[in-house]
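# Overview (structure and organization)
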Amino acid sequence: MHFAFTDQQLEFRDAVRQVLAKECTSDDVRAAYEAPAGRTSRWATLAELGVVGLSVPEAHGGLGLGLVDLAPLAEETGRVILPEPLVATTGMAAPLLADLDAAGTADGRIGPWLDAIASGHLTVAVGDPRWPGEPVAGAVGADLLLLVADGPDGRELHGVDAASVTVTPVPSLDPTRRLGTPEWTPSPGTLLVSGEQAEAHLAATVDRAAVAIGAELLGLADAMVTLTAAYAKDRQQFGKPIGSFQAVKHLLAGAQVLLEFARPVVYGAAWALDSGSADASRAASVAKAYASDAATEAARVSLQVHGAIGYTWECDLHLALKRTWALAEAWGSAAHHRARLLDSLLADR
Amino acid sequence: MDEPNEQPMDLHYSDAQEAFRAEARAWLAAHAPAPRSLPSLDTAEGFEAHRAWEAELAADRWSVVSWPEAYGGRGVGILEWLVFEEEYWQAQAPLRVSQNGIFLLAPTMFEFGTEAQKSRFLPPMASAEEIWCQGWSEPDAGSDLAGIRSRARRSDAEGGWVLSGQKTWASRGAFAEWCFGLFRTDPEAERHRGLTYFLIDMATPGVTVRPIPQIDGETGFAELFFEDVFVPDDLVLGDVGKGWNVAMATAGSERGLSLRSPARYSRAADRLVDLYAEHLARDPGGAGRSADAVARAWMGAEAYRLNTLWTATRVLDGGSVGPEASANKIHWSETDLAIHRAALDLLGPEAEFHGDGVDAPWLDGFLFALAGPIYAGTNEIQRNVVAERMLGLPRA
């Protein structure tokens, strides 16, 4: 039993935090609201650091690491509201493609994709298999889409390159989500895996998504509570900082307590998935539910403590609020994951 | 944390820890009384029945496993203690009547006590021959603990202190043999200064105990009156005038790692899911309305388990527990309430059944849980601590 990150993992996180503090300011996020979708110089920087290829096998130019390594980095990308699709590409697609590659499926198509992810030349959007008709986050501007279709042997997983798909943009509250509805035709050339094998890979992807997005939500919650605590120390009413009033203190303390407990829940789930623990799916659901609740509570409290200024476009808070609300619902809401958890607990009885 | 940490994250207990678990499980299976078979520890009869059970635990060195062997423990670490607690609650063994001593005073005594104090007090605490209560709160010093008025007057002639004043809400106070209390030794000093931490024999002349019936009708706590109660110098814990610092160590244990082990809540949460399954089979529509509350309660217990392992690792690596202990206290007390609240909702009209001959574990647990957000420093005080010491918000 040693429930902690290694020094190396923490040093990597600190290095990524430093880079992102410079490369992904709130002005940069605002610029991304207006910019066209697609790979950016910031993505290239993250690839050079090894972040993008973190979970790509070493044979394909990556670091061959797992979710425990990714979680602290996803926290940092959440903290700065990174506009690029790191979690979809590195947290979901790369491990899925690596698993398929290791299993020898889908001939020789996968290796080059993994190479291109690691070198920063391929971003991936992944469709949530539970809601196949819904718009896909990151679909606009993605180089590759991993999508589900119905086939003769049950569901199939397809890898569709940007040239073979028409993506109709769907406006999102957070424009950097790059939501889009893909129109495409499944073919033997796009098919990666089908039937029971596909189900196993899809289930693993759902769990990884829950944990990686959970980690992003931790970073968002931390950023909002930190920003709001600073505001409460600064903003004066009745001749003193509003943060000296218990009504304000208790709002922020409540959010902080939720965040404190969400952290080990997410980290523990990352470990459970990496180590193939029998209750990993259950842990993933607890992680997504807990992190979603912690972040939406941090968002609620942050807006309330900021007051009217927090409701403006000018104040940076809304950038974090919008990402939080999107991610809290993405890949299963808190309520969805609590229902999934309870089903799993009942199945044991 | 001087050594670089290269050890990868691992949430498995070691083989040795699992062997320790097996040993604890086997012992408890052979010795633990049937669940809920002892009378309540807040009655005279139940107090003695629980004392006898703890003596049995102590005889085979299971009462305080993490203490050094010299004082009755097994000298194992915090992780083994957590494993033992998992087995203890899984076996549905009785509540610990010595909890104020072993979980609160003992960690403070290990930090501040003299060798003589440790040798004198720890072994009978471990064996429950001497049971301790806590004398901190006063009628006018509750959340504002630094407002303590009970005094200790110096007596050089006798070589000690003469205590006077009133303490209240002393858990186990009705039946305990000893009390750890805070008294003002410097009448000129204000607030947190000038307090001293005393170990008081409840049989000393001048101590009067008035039991207070609690919300459930039992006398779990008491008022304590001190009229010129003499306490010799060797029963001062820590330095004279430094009682606040010593007390904060106790408070850290009370809110942090040692008072409420996660196993207690994990076990209750599992029982809640059992109850849910039972009701779901009988009345799917009705029970289904509680699904979200049941899942939330279970998650609260699981988060507490994981957070405890996270904190224990930090402590084993040389870190410390600071204001996180306040976050911890808020979490476990609210989780306990959420678990029992969800259970009562499932029970519906049966939830209120109580009285002679009615076994009402969920209602009893609910009444106990209601005290959680109040004792050990109210959750409102803990939120102030979190806001001021974790988030740096200014004091009022």
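Reading the values: rules and limits
- Residues numbered from 1 in each chain as written.
- Chains lettered and ligands numbered in written order.
- Predicted model: local features only at pLDDT ≥ 70, side-chain atom pairs only at ≥ 80, totals over all residues.
- Helix = DSSP H or I, 4+ residues; strand = E, 2+ residues; numbered from the N terminus.
- Rg over C-alpha atoms; globule rule 2.2 N^0.38 Å.
- Buried ≥ 20, exposed ≤ 12 C-beta atoms within 10 Å, placed from the backbone.
- Contact = placed C-beta atoms within 7 Å.
- Domains from an automatic or database assignment.
- Expected span 1.5 Å × (residues − 1).
- Pairing = 2+ DSSP bridges.

### Focus on the overall build of chain B
- The secondary structure content of chain B amounts to 12 helices and 8 strands.
- The globule rule puts the C-alpha radius of gyration for 396 residues at 21 Å, and the 22 Å found for chain B is close to it.
- Projected onto the principal axes, the alpha-carbon positions of chain B cover approximately 75 × 55 × 50 Å.
- Residues classed as buried in chain B amount to 46% of the 396 residues present.
- Considering only contacts in chain B between residues 6 or more positions apart, those separated by 24 or more positions represent 71%.

### Examining the domain arrangement of chain B
- For chain B, the domain assignment lists domain 1 (15-97), domain 2 (132-243) and domain 3 (260-390).
- The C-alpha-based centres of domain 2 of chain B and domain 3 of chain B are spaced at 31 Å.

### Here we look at helix 5 (residues 115-126) of chain B
Residues and elements named next belong to chain B.
- Across its 12 residues, helix 5 extends 16 Å between first and last C-alpha, which sits within 8% of the 16 Å expected from 1.5 Å per residue.
- Buried positions along helix 5 lie against helix 2 (44-59), helix 4 (99-112) and strand 1 (132-135).
- The first or second residue beyond helix 5 is Ala-128, which carries a positive phi of 65 degrees.

### A closer look at helix 12 (residues 379-390) of chain B
- Under the 1.5 Å per step criterion, the end-to-end length of helix 12 of chain B is 15 Å for 12 residues, consistent within 8% with the ideal 16 Å.
- Turning to helix 12 of chain B, its buried residues number three or more, namely Asn-379, Gln-382, Arg-383, Asn-384, Val-385, Val-386, Ala-387 and Met-390 of chain B.
- Those residues of helix 12 of chain B that are buried are in contact with helix 8 (246-274) of chain A together with helix 6 (243-255) and helix 10 (324-347) of chain B.
- Looking one or two residues beyond helix 12 of chain B, the residue adopting positive phi is Gly-392 of chain B, at roughly 70 degrees.

### As for the pairing of strand 4 (residues 178-184) of chain B
All names here are of chain B.
- The element strand 4 is extensively covered by neighbouring structure, given that 7 of its 7 residues are classed as buried.
- The two faces of strand 4 match: Trp-178, Phe-180, Leu-182 and Arg-184 on one face and Cys-179, Gly-181 and Phe-183 on the other face are all buried.
- By the bridge criterion, 4 bridges tie strand 1 to strand 4 in an arrangement that is parallel. Paired with Gln-134 across the bridge in strand 4 is Phe-180.

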